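Chains, contacts and geometry: an overview
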Amino acid sequence: MAGIWQGSRGLDVKPKADGPKKQAYVDRIELQPIDPQTNGPQLFYGLRYHQHVVKPDQVKTYHDQIGYWLWEPATGTVMQTLAIPRAQIAMAVGRADAGAQSFELVATRGSETYGICSTPFLEYAFRTVEYRIKVTINPDGTWSYDEDTVLMIRGRTEPFHHTDRNTLSKIGEPTPNPLARK
């Protein structure tokens, strides 16, 4: 997945006062390799990422997200850390072997590991109770994601499934650590 990717057929289903709203979007995701990380006996391989989303034919940021994709080969654990500039962070976890063509990660509110942390306003008005992302590596060299962020919206009794999905094509190569290049 290392590289620079773009998808122009994203679909966001988000909550609005009068019901769910569908919004098309364009996605650009940079996944840059990081040097292997050790954590005591653990060894992680990873990608630092930045996701930038705009509405079609616009330049104003619609969504922005940063974080890491990490993989621990000894256990097959895959992790995604993410932060968004509405003051919310999450860490999701799943399992994948080295040759996996699809995997799913989940973060749950209230978990002491692999959880979700939000500002008081988001906890009050749009409490995120679960984040789930399924990634599929496609045979044509593209990859797709399907996200489901489950929200409890103040004043509503049923959870809202805020979904995002897109398929991305590679538009650029990754840049390894410049100090490690010969």
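Now for a description of the structure that goes with this document. (Residues numbered from 1 in each chain as written. Predicted model: local features only at pLDDT ≥ 70, side-chain atom pairs only at ≥ 80, totals over all residues. Heavy atoms only, no water.)

**Considerations on the overall build of the protein**
- A count of helices and strands for the protein gives one helix and eleven strands.
- For the protein, the N- to C-terminal ordering of α and β elements is β-β-β-β-β-β-β-β-α-β-β-β.
- For the C-alpha atoms alone, the extent of the protein along its principal axes is close to 55 × 40 × 30 Å.
- When the 182 residues of the protein are sorted by exposure, 40% land in the buried category.
- For the protein, the proportion of contacts with a sequence separation of at least 24, taken over those separated by at least 6, is 47%. (Helix = DSSP H or I, 4+ residues; strand = E, 2+ residues; numbered from the N terminus. Buried < 20%, exposed > 50% of the residue type's maximum accessible area, 1.4 Å probe, protein only. Contact = heavy atoms within 4.5 Å.)

**Side note on the pairing of strand 11 (residues 160–172)**
- The pairing of strand 1 (residues 3–14) with strand 11 spans six bridges and is antiparallel. Paired with glutamine 6 across the strands is serine 169, a residue of strand 11.
- Here nine bridges tie strand 10 (residues 143–153) to strand 11, and the two strands are oriented antiparallel to one another. Looking across to strand 11, one finds that serine 144 is bridged to threonine 167. (Pairing = 2+ DSSP bridges.)

**Regarding the packing of aromatic side chains**
- One pass over the structure, following the stated rule, counts five aromatic pairs.
- Here the aromatic rings of tryptophan 5 and tryptophan 143 are separated by 6.2 Å at their centres, their planes lie at 80 degrees, and the arrangement is edge-to-face. In this pair, tryptophan 5 sits in strand 1 while tryptophan 143 sits in strand 10, placing the two residues 138 residues apart along the sequence. You'll find tryptophan 5 and tryptophan 143 in the same group, each marked buried.
- Summarising the aromatic geometry, the rings of tryptophan 143 and tyrosine 145 are spaced 6.2 Å apart at their centres and angled 50 degrees between planes, so their arrangement reads as tilted. Each of the two residues, tryptophan 143 as well as tyrosine 145, counts as buried.
- Through a chain of ring-to-ring contacts, the aromatic side chains of Trp5, Trp143 and Tyr145 assemble into a single cluster. (Phe/Tyr/Trp six-rings, centres within 6.5 Å; stacked < 30°, edge-to-face > 60°.)

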